[in-house]
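Chain by chain, the residues:
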Amino acid sequence: MSQTSSSSAIHYGTTKPPLWRNVAVLKWCAQLAVLLGVLAVFWFLIAEARTNLAAKSIPVGYDWLDNPANFQLGEGIQTVDTPERSLTMSRALWVGMVNTLRIAALGIIFSTLLGVLVGISRLSKNFVAQRFSSAYVEGLRNIPVLVQIILWLAILGSLGKLTPDTGPIPGWVIVSQKGISLPRVFLADGFYQFAALMLVFVVGIVAVRRQLKRRQDRDGGDLRIGLWTFVLFVISAAIAWLINPIMAFLGPIFGAIEDAWGAVPQGAMQLLLCVIAVVGVITWIRKFLDSKRSPAGLAKLTDDDWFRMIFSVFVGVVAVFVVVRGWPGLSSWIINSGSDFWGVLGDKFGDGRGAKPLDAMRPTLTEGRFVNFGDTGLTLTVFYASIFLGLVFYTSAFIAEVVRGGILAVPSGQSEAAAALGLTRAQALRKVVLPQAFRVIMPPLGNQYLNITKNTSLGIAVGFSEIVQVGQTVYNKNSQTLAVFSIYMIFYLSCSLSISSVVNTINRRLAIVER
Amino acid sequence: MSIADQALTEDLASRDDMIVCTGVSKWFDDFQALKGVDVTVKDREVMVVLGPSGSGKSTLIRCINRLEVHQEGSIFVDGIELTNDTRNIERIRSEVGMVFQQFNLFPHLSVIDNVTLAPVWVRKKSKVEAEQKAIELLERVGIPEQAQKYPGQLSGGQQQRVAIARSLAMEPKIMLFDEPTSALDPEMIAEVLDVMKDLARGGMTMMVVTHEMGFAREVADRLVFMESGEVVEVGTPEHFFTNPREDRTKLFLSQIL
């Protein structure tokens, strides 16, 4: 056989195909064509929208962001113009975003807790728990979430009227049709000294913990590490509460850093940013090449790999250009805000700070409603509560199914093997079943987190001031529909991408090694 | 009965009982998997359970460490009765090791973590001590160099040997084997059987469900033949392979040999 192949003189790869049939060339052209095509489509859409809007004399742009809002928000970190801070359009949209994030973050936490509980109890051998959680899941996931939210609003709206005597504890804990209000615990002046002192203590506790862990690994037995950590933490918190003013010496140090930072010349900052960009690109390429390297040597790079490396160099060049020529203000902005940051930190540690790290404010009422800004309690309005409860219950039903599916996906042989080794049911669940179930649960769980974040926009139905509701008020006032929608899109996109990247990172960590 | 058989029978009779099953019955819904099974395994005895599929051999050994719950009769393991008492179940499980047909290693843990999991969490051993013991056991089953790998990176035979090491790490008095070589490629069966023979020579009490007749003939002290949930015949290898008493046993052996 070898004789025939050498004698017939077929040497693979010696004949070069013409360019239009060469796969390598065609691939490159396709990459470029797709890139140009996408750019062209965007260019066309933007230009078209601009001409049409100009023809109808609808202004396009973001200049209006600094205009005063001239409307009130239902709730949030700022609801009206105040002497200290005026409520501009951009500020109003920011308040809406914060409200959205508050609902989304709390919703994710609570729906996960509830969902895991219901999902596990749906698999339990306890008849009552199993039936109850089945009914829970089937009931909640088959009613539209919008209906549930409005139902919660109706239920909460039927609570008693809000008067100064409304209880359960008038003046402290109030439950009414306007919402639920509790005393608000806030960070008082002494908090920063307290936090700095706690940081020192925590370092010590971690060291003790590590020592205990080492001893337990060496000698066996159970040294109750968790309990000791908790006790030490409580004791050091109590000590820090009493002696926190001793940390005031940090104030002048931060002040000195503020001055030093402010004195950095702009050129030096530009140089630093350029160096960061260049080093970043080089590190990325080196890591990329390392990932292609095996013990057998560097793998043959594909066209796609070359494209990625050239693209990263391009990004680096653009970054350097932006820093030096395109936006010189960036470096002075970094210098100023960095200096401001240390300045603010220095002020927090300044002299004359009270010794109390935390303090509480009680609910305040005016004309049958809660004051929701300034010196008042922590109020859960009925609007917040209805969207929150609606989303949490609805999403938890789906999460319960995801968790149940994940646990069922672990072969029964796994828990049998754990049982045969003498592990208790709880140990088997914690050490063997859940770590494997988690791997199956994580991707669909991420989807549920994305859903809950996007479903917060249903707040518009009950008048909760989340980003969509605020944005609607904005474009009803100034007709900047496109601009507002572009803000929506960027906001939701960055939320979703952040969640996805966290979920993907966890997924990579959990991957099971095979071959 | 030959003289050698007689001697063995007398020797066994003088030893302690390790597993005593009396009238054990078990139903899956309306199907009766075990019909009043009586089996006794003595200390340091290797008992091989034979029988066609569906004859209840796996169900029987799964009842012995309570992976299945028997509904009638009694099971005593090393003098402890298997009842609903969770303390008895825990004590029995920590004395009885089990090796499965499908290995059932924990795929998210490395080999060494598979072996140390139970000693650390059930026996409350220190991690260092458990790891030393684990390395010794992996050497005993012939794969110390795979300690840091994950089960998915090993061959079937290596996985099954890790599974044996994992059971031995609990220092059991009794080992149950549920068709340990049935899921293996032919060339890997020998390496697992060698480990089992080694264990038997070391004096471990073993109850083995297998179709490996060579192993049964060479290692077993006694064999049990089961069919449709009943014990048909109990005897020494010599008795089984030369002169079985029951027709059902003869039929089965003629099919399998």
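Analysis parameters
Residues numbered from 1 in each chain as written. Chains lettered and ligands numbered in written order. Predicted model: local features only at pLDDT ≥ 70, side-chain atom pairs only at ≥ 80, totals over all residues. Heavy atoms only, no water. Helix = DSSP H or I, 4+ residues; strand = E, 2+ residues; numbered from the N terminus. Buried < 20%, exposed > 50% of the residue type's maximum accessible area, 1.4 Å probe, protein only. Contact = heavy atoms within 4.5 Å. Areas by Shrake-Rupley, 256 points an atom, 1.4 Å probe, with all protein chains shown as cover. Axes fitted to C-alpha atoms, helices over the stretch in contact; angles between N-to-C directions. Parallel < 35°, antiparallel > 145°, perpendicular 65-115°, else oblique. Left-handed = near helix turned anticlockwise from the far one by under 90°. Nonpolar A, V, L, I, M, F, W, Y, C, P; charged D, E, K, R; others polar. Expected span 1.5 Å × (residues − 1). Pairing = 2+ DSSP bridges. Buried area = accessible area lost by both parts, 1.4 Å probe. Salt bridge = Lys/Arg side-chain N within 4 Å of Asp/Glu carboxyl O. Polar contact = N/O pair within 3.5 Å; in protein donor to acceptor, adjacent residues only side chain to side chain. Patch = residues over 30% accessible without salt bridge, like charges linked within 9 Å, V, L, I, M, F, W, Y side chains within 5 Å.

K.L.:
Just to check I follow, could you spell out the overall build of chain B for this structure?
P.N.:
What chain B contains, in helices and strands, is 10 helices and 10 strands. Looking at chain B residue by residue over its 257 residues, the buried ones come to 56%. Looking at chain B alone, contacts between residues at least 24 apart form 65% of all its contacts between residues at least 6 apart. Per element, the accessible surface of chain B, about 10800 Å² overall, is 46% carbon and sulfur.

K.L.:
Sorry, what's going on with the packing of helix 5 (residues 145–157) of chain A against helix 12 (residues 382–408) of chain A here?
P.N.:
Residues and elements named next belong to chain A. Taken N-terminus to C-terminus, the directions of helix 5 and helix 12 make an angle of 140°; their axes are 8 Å apart at the nearest point. Compared by their axis directions, helix 5 and helix 12 come out oblique. Seen along the crossing, helix 5 lies across helix 12 with a hand that is right-handed. Every residue of helix 12 that contacts helix 5 at Val145, Gln148, Ile149, Trp152, Leu153 and Leu156 is listed here: Val382, Phe383, Ala385, Ser386, Ile387, Leu389, Gly390, Leu391, Phe393 and Tyr394. Taken together, the residues of the contact of helix 5 with helix 12 sort by class into 13 nonpolar, three polar and no charged.

K.L.:
When you look at helix 11 (residues 329–348) of chain A in this model, what are you seeing that I'm missing?
P.N.:
An α-helix turns once every 3.6 residues. As a result, residues three or four positions apart point the same way. Taking 1.5 Å as the rise per residue, helix 11 of chain A with 20 residues should run 28 Å; its terminal C-alpha atoms sit 28 Å apart, in good agreement. Looking only at helix 11 of chain A, the buried set comprises Leu330, Ser331, Ile335, Gly338, Ser339, Gly343 and Gly346 of chain A.

K.L.:
It is not clear to me how unusual backbone geometry should be interpreted in this structure. Could you clarify?
P.N.:
Where the residue is not glycine, phi is negative for most of them; where a peptide bond is considered, it is trans in most cases. Residues and elements named next belong to chain B. One non-glycine residue, Arg66, lies in positive phi territory at about 65°. Examined against the element boundaries, Arg66 turns out to sit in the loop between helix 2 (57–64) and strand 4 (72–77). By relative accessible area, Arg66 is classed as buried at 9%. Phi at Phe103 is positive, roughly 65°, even though this residue is not glycine. With respect to the element layout, Phe103 can be found in the loop between strand 6 (96–99) and helix 4 (111–121).

K.L.:
Just to check I follow, could you spell out the sheet that holds strand 10 (residues 230–235) of chain B for this structure?
P.N.:
The strands making up a sheet associate through hydrogen bonds between their backbones, and the pairing can be parallel or antiparallel. Residue and element names in this part refer to chain B. Strands sit in the order 6-7-8-3-9-10 across an open sheet of six strands; the sheet is mixed. Lying at the two open borders of the sheet, with one neighbouring strand each, are strand 6 and strand 10. Sheet twist, expressed as the mean angle between neighbouring strand axes with direction ignored, is 20°. The pairing of strand 9 (residues 222–227) with strand 10 spans five bridges and is classified as antiparallel. Bridge pairing links Val224 to Val234 in strand 10.

K.L.:
What is the right way to read the interface of chain A and chain B from this model?
P.N.:
The figure often quoted for interface size is the accessible area lost as the parts come together. Counting from both sides, the interface comprises 27 residues of chain A and, opposite them, 29 residues of chain B. A buried area of about 2400 Å², summed over both sides, lies between chain A and chain B, and 63% of it is on carbon and sulfur atoms. Applying the counting criterion to the chain A and chain B interface returns one salt bridge. The salt bridge involving Glu416 of chain A is made with Arg62 of chain B; its shortest N-O contact spans 2.7 Å. Joining chain A to chain B, the criterion identifies six residue pairs in polar contact (both at pLDDT 80 or more). Contributing elements (two or more residues each) for the side of chain A that touches chain B: helix 6 (191–219), helix 13 (412–420) and helix 14 (425–455) of chain A.

K.L.:
I keep staring at a nonpolar patch on the surface and nothing clicks. Help me out?
P.N.:
All names here are of chain A. Taken together, the side chains of Leu227, Trp228, Phe230, Val231, Val234, Ile235, Ile239, Trp241, Leu242, Ile243 and Ile246 present a nonpolar region at the surface, about 1100 Å² in accessible area. Take Ile239: it is sitting in helix 7 (residues 225–243). Judged by its relative accessible area of 37%, Ile239 is partly exposed.

K.L.:
Just checking my understanding: could you explain the environment of Thr302 of chain A for this structure?
P.N.:
Residue and element names in this part refer to chain A. Structurally, Thr302 can be placed in the loop between strand 6 (297–298) and helix 10 (303–326). On the accessibility criterion, Thr302 (37% relative accessible area) is partly exposed. Taking the C-alpha atoms as reference, Thr302 lies 9.0 Å from Ala24; in sequence the two are 278 residues apart.

K.L.:
I would appreciate a short explanation of the sheet that holds strand 4 of chain B in the present structure.
P.N.:
Residue and element names in this part refer to chain B. Read across the sheet, four strands follow the order 2-1-4-5 without closing on themselves; strand pairing throughout is antiparallel. Among the strands making up the open sheet, the edge pair consists of strand 2 (31–42) and strand 5 (80–81). Sheet analysis places strand 1 (residues 17–28) next to strand 2, joined by eight bridges and oriented antiparallel. Bridging across to strand 2, Val24 finds its partner in Val37.

K.L.:
What should I look at first to understand the pattern of salt bridges in this one?
P.N.:
One side chain can pair with another of opposite charge once the charged atoms of both are near each other. In this structure the tally under the stated criterion is 20 salt bridges over all chains. Residue Glu68 of chain B is joined to Arg62 of chain B by a salt bridge in which the shortest nitrogen-to-oxygen separation is 3.2 Å. Of the two residues, Glu68 of chain B and Arg62 of chain B, neither departs from the other in class, the shared state being buried. When salt bridges with common partners are traced through the structure, they connect Arg122, Glu138, Arg141, Glu401 and Arg404 of chain A into a single cluster.

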